[in-house]
Every structure is written in C-alpha cells, then in structure tokens.
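Residue-level structural notes
Here is what each chain is made of, one letter per residue.
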Amino acid sequence: MKSNLTAYFALVLVCFFWGTTYLAARIGVTGFPALFFMGFRNLAAGVLLLLFLVLRNRSFRWTWADIRLQLVPGFCMLTFGTGLVGWCVQFIPSGLAALLYATVPIFTILINMLARRDERINAHVATGMMLGLAGVMLVFRDNLEYLTSRSSFLGICVTLASCVSWCLGGLYTKSFPGKTDSFFNAAIQMIAGGVGLLTLSAFNDDWANLPEMRPQSVVALVYLIFFGSILAYASYLFAMSRLPAGLVSIYAYINPLVALVLGFLILDEKITWLTALAFTVTLSGVFLVNRGYQLQKRKNALTLINSHE
C-alpha cells in the first residue's frame with residue numbers, strides 16, 4: 001500500500017514538474033543563448049544522473065553497442081524534440097508551446113500508420129485524431145497575431161516539427177528496446193541530446209551579442225536540471241513501474257494546463273475562451289486516441305487467448 005501511495009505521489013510530481021518546464025525554459029532563455037541553455041541543461045542532468053548511478057554501484061553494461069542504441073532517441077527526443085522548445089519560446093508563449101505539444105499522441109498515431117501499414121485504427125482513435133486536428137486549428141485561430149510575425153510563425157512550425165521528432169524517437173525506442181538499466185539509458189540520452197544542442201548552438205546562437213545574465217535565468221537552469229530533468233524523469237520511471245501505463249499517461253492532459261496557468265499568472269500570457277476550447281478539444285482527442293488503443297489492445301489480447309483455446 002505504501003509503495004502504491006509513493007507511486008501516486010511520483011505521478012503527481014510528473015504532472016506538475018513537466019508542466020512547469022515550458023515556463024522555466026521561457027525564463028531561462030532570456031539570460032542565455034537559447035540552444036546553449038537547453039543543451040547545458042540536458043548535458044548536466046545526464047552527467048549528474050550517470051555519476052549518481054556509478055556512486056550507487058548500479059549494474060549496467062558499458063558496451064558501445066548499448067550506448068549507441070540510446071543516441072538516436074537522444075538526438076530525436078531531446079536535441080530536435082523538446083530541446084528546440086527552448087529556442088521556440090523566445091518567439092511564442094510557453095502555454096502555446098505546451099498546447100502544441102499536447103498533439104504528440106496524434107502525430108504518434110500518424111507516424112505508426114505510415115511506418116506500420118498493417119496497423120489499424122478503430123472509431124475511438126479516428127475520432128480522437130479528428131478532434132486533435134480541430135484543436136490545432138483552434139490554436140492557430142486563437143493566435144493569429146503570431147502567424148503574421150515571421151519569427152513567431154517559424155517558432156510554431158519548429159514546435160510542431162519537434163513534436164514529430166519526439167515521436168520518431170519514441171518509435172525508434174519501441175522498435176529497438178535497450179537491455180540496459182532504464183536510468184542509464186536516460187542518462188545517455190540526455191548527454192547525447194545535450195551534446196547535439198550545444199553543437200547546434202555553436203552554429204546558430206549569436207555569441208557576439210550575448211543577452212544580459214539574469215539571476216532568474218540561472219535559477220531556471222538549475223530548476224530544469226534537477227526538477228525538470230532528473231526528478232521528473234525518475235518519478236516517471238517509478239510511476240510506470242508501479243502503476244498502469246494508461247493511468248500514468250494522464251500527465252499528457254495535465255502538463256499543458258499547468259503550463260497555461262503558470263504562463264498566465266507569472267508572464268501575463270493570455271488565456272481566452274478560444275484557448276480554453278482548444279485545450280478541451282485537443283485533450284479530448286488525445287483521451288479518445290489513448291482509449292481507442294486500450295480497447296484495441298484488449299481486443300487483440302482476447303483474440304490471442306481465444307486462438308490458443
């Protein structure tokens with residue numbers, strides 16, 4: 001019973017802290033070059049997690065083959081995935097970035113359909129995908145002023161592209177699961193993602209005109225390293241090991257709400273009735289997609305059982 005309560009508490013931490021990362025990134029990039037900020041955050045978190053594992057004598061294989069397996073998801077999910085959000089929130093509100101990221105399950109379905117043509121969808125999944133598309137359209141309708149600005153429009157497009165990259169990384173991980181310790185995998189992925197972002201920073205960030213160092217940006221960096229990366233990810237892994245995956249997936253519904261509310265309270269980002277409607281429609285779509293796959297999984301399991309009888 002105590003273990004279950006701890007797991008539920010870990011899930012609460014994931015729902016909250018991952019929702020705050022958008023706001024922290026928006027604050028952090030005001031005092032650092034954006035890509036450098038996100039790269040250093042991931043690299044530092046990965047190195048610290050790896051050192052922790054070494055000090056705790058956690059057993060894992062140190063072969064190049066196992067490390068290499070984590071490089072692709074590290075680049076896809078962190079360098080070109082959430083890492084690029086730090087660059088995007090220079091031009092768009094953190095709440096808008098979080099709301100766009102709520103469409104990740106929809107992109108995951110589309111990519112799976114293209115990669116695995118034998119995969120079928122049911123009515124729940126199809127309806128959820130249509131609602132997700134409608135939610136994205138409402139997001140654009142509520143943020144027309146950002147479409148007229150070249151930099152803001154680019155920020156929206158890059159955010160959507162980073163969602164696709166995240167999904168590709170997840171698909172790779174599912175297709176080529178590692179045999180090493182999950183925390184070790186996370187550490188290597190964060191290190192790889194951080195190195196990738198620092199490389200992009202060397203080519204893209206304007207090092208000749210650095211922003212003024214601000215105390216709140218340093219606090220945001222430390223916060224993201226320890227709370228947004230290490231604590232939240234560890235909590236996510238613990239919750240996944242103790243609770244049903246369907247229950248843990250509720251973080252995808254709560255993170256955007258946390259980001260929208262914090263952006264409104266701290267940075268005066270707007271929340272209109274269209275924002276609320278877009279949030280409701282998008283997350284309703286995500287819920288239906290998850291529900292549809294749960295039903296499909298249950299149906300496949302029953303079919304398998306009946307075929308063996």
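These figures come from a predicted structure and were not determined experimentally.

About the cut-offs
Residues numbered from 1 in each chain as written. Predicted model: local features only at pLDDT ≥ 70, side-chain atom pairs only at ≥ 80, totals over all residues. Heavy atoms only, no water. Helix = DSSP H or I, 4+ residues; strand = E, 2+ residues; numbered from the N terminus. Buried < 20%, exposed > 50% of the residue type's maximum accessible area, 1.4 Å probe, protein only. Areas by Shrake-Rupley, 256 points an atom, 1.4 Å probe, with all protein chains shown as cover. Core = buried A, V, L, I, M, F, W, Y, C linked by side-chain atoms within 4.5 Å. Axes fitted to C-alpha atoms, helices over the stretch in contact; angles between N-to-C directions. Left-handed = near helix turned anticlockwise from the far one by under 90°. Contact = heavy atoms within 4.5 Å. Nonpolar A, V, L, I, M, F, W, Y, C, P; charged D, E, K, R; others polar. Salt bridge = Lys/Arg side-chain N within 4 Å of Asp/Glu carboxyl O. Expected span 1.5 Å × (residues − 1). Polar contact = N/O pair within 3.5 Å; in protein donor to acceptor, adjacent residues only side chain to side chain. Phe/Tyr/Trp six-rings, centres within 6.5 Å; stacked < 30°, edge-to-face > 60°. Patch = residues over 30% accessible without salt bridge, like charges linked within 9 Å, V, L, I, M, F, W, Y side chains within 5 Å.

Some details on the overall build of the chain
- Along the chain, the regular secondary structure elements total 15 helices and 0 strands.
- Counting the 309 residues in the chain, one finds 47% classified as buried.
- By element, 69% of the accessible surface of the chain is carried by carbon and sulfur atoms, the whole surface being about 15800 Å².

Concerning the nonpolar core
- Grouped together as the largest cluster of nonpolar side chains are 60 residues, with contacts concentrated most on Y22, F37, L96 and I156.
- Here the element with the most residues in this core is helix α2 (residues 34–55); it accounts for 9 residues.
- With 14 residues, the next largest nonpolar core counts L11, A232, Y236 and A239 among its residues.

Considering the packing of helix α11 (residues 182–204) against helix α12 (residues 215–242)
- The contact between α11 and α12 brings their axes to 11 Å, and the two run at 145°. Crossing angle aside, the handedness with which α11 passes α12 is right-handed. Contacts between α11 and α12 involve S182, F183, A186 and M190 from the former and S229, Y233, A234 and L237 from the latter.
- Its residues assigned to classes, the contact of α11 with α12 shows 6 nonpolar, 2 polar and no charged.

A word on the pattern of salt bridges
- For the structure shown, the criterion picks out 1 salt bridge.
- Close ionic contact of R26 with E269 constitutes a salt bridge, the shortest N to O distance being 3.2 Å. With R26 in helix α1 (residues 2–28) and E269 in the loop between α14 (251–267) and α15 (273–308), this pair connects stretches of sequence that are 243 residues apart.
- Residue classification places R26 among the partly exposed positions, given a relative accessible area of 24%.

Section: α2
- For α2, which comprises 22 residues, the first-to-last C-alpha distance of 32 Å matches the rise-based estimate of 32 Å (1.5 Å per residue) to within 8%.
- Positive phi appears at N57, one or two residues downstream of α2, with a value of about 60°.

A short note on the side chain of S217
- With respect to the helices, strands and loops of the structure, S217 is situated in helix α12.
- Exposure remark for S217: the relative accessible area of 0% places this residue in the buried category.
- Polar side-chain contacts of S217 include one of 3.2 Å to the side chain of T30.
- A polar contact is formed between the side chain of S217 and the backbone nitrogen of G31, at a distance of 3.1 Å.
- Those residues in contact with S217 that lie beyond four places of it in its chain are I27, G28, T30, G31, F32 and F37.

Side note on unusual backbone geometry
- Positioned with a positive phi, D268 is a non-glycine residue whose angle comes to about 60°.
- Here D268 shows up in the loop between α14 and α15.

Considering the packing of aromatic side chains
- Here the structure, examined in full by the defined rule, presents 12 aromatic pairs.
- Here the aromatic rings of W18 and Y236 are separated by 5.3 Å at their centres, their planes lie at 40°, and the arrangement is tilted. Of this pair, W18 sits in helix α1 while Y236 is found in helix α12, placing the two residues 218 residues apart along the sequence. The two residues W18 and Y236 agree in class, both being buried.
- A network of ring pairs unites the aromatic residues F16, F17, Y223 and F227 as a single cluster.

Observations regarding a nonpolar patch on the surface
- On the surface, V47, L48, L51, M213, V218, V222, F226 and F227 cluster together into a nonpolar patch covering about 670 Å² of accessible area.
- When residues of the nonpolar patch are traced back to their parent elements, those giving at least two are α2 and α12.
- With 4 residues, α12 is the single largest residue contributor to the nonpolar patch.
- Counting through the fold element by element, F226 comes out in helix α12.

Description of the side chain of S152
- By secondary structure assignment, the location of S152 is in helix α10 (residues 150–175).
- Given the relative accessible area of 6%, S152 is considered buried.
- Those residues within four positions of S152 in sequence are excluded, and the remaining contacts are F91, I92 and Y146.

All we've got here are geometric facts, nothing functional implied.
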